[in-house]
Number of protein chains: 2
Amino acid sequence: MATRRGFLQQGLAAGAAGAAASRAMARDGAEDPPAGGPAAGHLRIGMILFPRMDQIDFTGPFEVLSRLPDSTIHVLAKEEEPVRDVMGLILTPEGSLASAPPLDILVVPGGPGQEALMEDEAVLGFLRDRSAKARFVYSVCTGALLCGAAGLLKGVRATTHWASFDLLKYFGAIPVDERVVLDGKHLSAAGVTAGIDGALTLAALLRGERAAQQIQLGIEYAPKPPFDSGTPKTAPPEVLDAARAATAALTRRRLETARRAARRLGVSPAE
Amino acid sequence: MATRRGFLQQGLAAGAAGAAASRAMARDGAEDPPAGGPAAGHLRIGMILFPRMDQIDFTGPFEVLSRLPDSTIHVLAKEEEPVRDVMGLILTPEGSLASAPPLDILVVPGGPGQEALMEDEAVLGFLRDRSAKARFVYSVCTGALLCGAAGLLKGVRATTHWASFDLLKYFGAIPVDERVVLDGKHLSAAGVTAGIDGALTLAALLRGERAAQQIQLGIEYAPKPPFDSGTPKTAPPEVLDAARAATAALTRRRLETARRAARRLGVSPAE
């Protein structure tokens, strides 16, 4: 059922750590732990799918975390049925939330479909329950709004997609305008592709910098965007205007949902 | 069957261009075309899946190209059946190679599973046939080896994953150590995550820089890797050694396959 690092340990994965090298690296990494030392023991990583998510919020972190030594990824959804991401890509879970094993790490992606889950107690209850027991909860993009709706971000420093950044306060979160934010067990990445950066940070937290660096080398992550238009600060004004216009309706709906969540959570943000 | 931009035109996609904005941008982009001007008319983009591929070679470009104005993505595989990527993620095609419609763009990802297709005439014949009619053929990572085996890279400047870079000569290609290389209709990206950079380049070629910039902003692609270990030049030596050791067996197999391809293609590389 689970996506196991066993695939890699067959020595078949291009550009990723083999078993022997990984064990050596986990050892090396322990010499210079980034935050209290790498985790001991096998890691169970739960990654959530839902309809109309943004697929790379999931596939970006999957690319990194599936190469983590001594770990298993559990691809989960509310129901164990294929979903389509917001652009139509079919993604298939291999377990339901209700059937998920204990999880050390919980990864919560975002995308427009997050809206439909913001008052879904089956999903929010799962996030609350598993978060309490997890070593890290990692939200990517508007996955932070889901974590917020579950009440996980009260008093927690966090980030999210730039178009939803102003909504964090409705969940009692402390908005931090960085690409990756760590506060206790809560790791959050900004929009969409920031999930890769955050996953490498998480890999280092769990297995040491050397392990994260070897994954980075394997996936040749030395990004070189052809344009400097990846944030509202750097995009040409007319590009930003067009992007804002394109997402205005969704952003309005998200604001209404966030206000309802604030009332439910007893949060009174300054508006 | 196809993954249509219609999803986005319902105004539901977060952080991506809405229909009106996109049309405006396609117009704006025409003022400053990066390479002969954006393409006119609806674009049919074929993206190939295969077993034991590296999923982000596909999902990275999908994230960008699925947001291209006035286009349809066709997710194809040799057989119309789900495949698992090398780390076990299930990916589902919605058409077979044999049933594919005419394609303006062909995207060829890589990953260890490329080896099994290097002498598969059904796949190589498809690549040859569709490449002849396509506006662009875009290889990501070791997808370049597949294009090479199909005879598409003779005399063509190209790149691939760093661990396979020395194999390009066996296909008669001119190796270029850049992250993204364009030579005529042949676009190639280096390893794995370079597929995102190349896809943004392709988006600009097809629909103008403004359209590409708006996609970049929507997916908040302002990467900030936590380490500088994404290439052999920048990775710590022990990390590079471990990565090389982990992929040595696969690299040896790929060399043998490349030598056979060279004989078949009549290429005599200096060894």
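Residues numbered from 1 in each chain as written. Chains lettered and ligands numbered in written order. Predicted model: local features only at pLDDT ≥ 70, side-chain atom pairs only at ≥ 80, totals over all residues. Heavy atoms only, no water.

Trainee: Explain the interface of chain B and chain A here, please?
Mentor: Size of an interface, as often reported, equals the accessible area lost when the parts are brought together. Taken together, the contact pairs 83 residues of chain B with 83 residues of chain A. Overall, the association of chain B and chain A removes approximately 7100 Å² of surface from exposure, summing both partners, and the carbon and sulfur fraction of that is 62%. At the junction of chain B and chain A, the tally comes to 6 salt bridges. Between glutamate 238 of chain B and arginine 210 of chain A there is a salt bridge whose closest N-O contact spans 3.1 Å. Our enumeration of links across chain B and chain A arrives at 37 residue pairs in polar contact (both at pLDDT 80 or more). For the side of chain B that touches chain A, the leading source of residues is helix 8 (residues 237-265) of chain B, giving 10 residues. (Contact = heavy atoms within 4.5 Å. Buried area = accessible area lost by both parts, 1.4 Å probe. Salt bridge = Lys/Arg side-chain N within 4 Å of Asp/Glu carboxyl O. Polar contact = N/O pair within 3.5 Å; in protein donor to acceptor, adjacent residues only side chain to side chain. Helix = DSSP H or I, 4+ residues; strand = E, 2+ residues; numbered from the N terminus.)

Trainee: Can you walk me through the pairing of strand 3 (residues 71-77) of chain A in this structure?
Mentor: Across a regular strand the side chains alternate sides, sitting on one face of the sheet and then on the other. Residues and elements named next belong to chain A. The element strand 3 is extensively covered by neighbouring structure, given that 7 of its 7 residues are classed as buried. In strand 3, alternate side chains face the same way, and those of Ser71, Ile73, Val75 and Ala77 on one face and Thr72, His74 and Leu76 on the other are all buried. As defined by bridge partners, strand 2 (residues 43-49) adjoins strand 3 across 7 bridges and the pair is classed as parallel. Bridging from a neighbouring strand, isoleucine 48 pairs with leucine 76 of strand 3. Here strand 3 pairs with strand 6 (residues 95-96) via 2 bridges, running parallel. Considered in strand 6, the bridge of alanine 77 is made with serine 96. (Buried < 20%, exposed > 50% of the residue type's maximum accessible area, 1.4 Å probe, protein only. Pairing = 2+ DSSP bridges.)

Trainee: Looking at this structure, I do not really get the packing of aromatic side chains. What am I missing?
Mentor: Residue and element names in this part refer to chain A. Within the structure shown, the criterion is met by 2 aromatic pairs over all chains. Between phenylalanine 58 and phenylalanine 62, the aromatic rings sit 6.0 Å apart at their centres with planes inclined by 20°, giving stacked as the arrangement. Highlighted residues: phenylalanine 58 and phenylalanine 62, both in helix 3 (residues 55-65), separated by 4 residues, approximately one helical turn. With respect to class, phenylalanine 58 is no different from phenylalanine 62; both count as buried. (Phe/Tyr/Trp six-rings, centres within 6.5 Å; stacked < 30°, edge-to-face > 60°.)

Trainee: Help me out: how do you make sense of the side chain of aspartate 54 of chain B in this one?
Mentor: As for its placement among the helices and strands, aspartate 54 of chain B is situated in the loop between strand 2 (43-49) and helix 3 (55-65). Beyond its immediate chain neighbours, meaning those up to four positions away, aspartate 54 of chain B contacts Glu63 and Arg67 of chain A together with Asp85, Val86, Gly110, Gly111 and Val192 of chain B.

Trainee: Could you clarify how one ought to interpret the relation of the copies chain B and chain A in this entry?
Mentor: What relates the two chain copies is a rotation about an axis together with a slide along it. Under the fitted operation, chain B is carried onto chain A by 0.0 Å of movement along the axis and a turn of 180°, and the coordinates agree to an RMSD of 0.0 Å. Between the two chains, the operation in question is that of a two-fold axis. By residue overlap, the copies meet face to face through one surface: 100% of the interface positions of chain B are interface positions in chain A. (Least-squares fit on C-alpha atoms with pLDDT ≥ 70 in both.)

Trainee: Please explain the nonpolar core as it appears in this structure.
Mentor: Generally speaking, a soluble globular protein has its nonpolar side chains buried in company with each other. Within the largest apolar cluster, 160 residues are counted, with the highest numbers of intra-cluster contacts made by Leu127 of chain A together with Leu127 of chain B. Residues within four places of leucine 127 of chain B in sequence aside, it is in contact with Ile48, Leu106, Val108, Leu146, Cys147, Ala150 and Leu152 of chain B. (Core = buried A, V, L, I, M, F, W, Y, C linked by side-chain atoms within 4.5 Å.)

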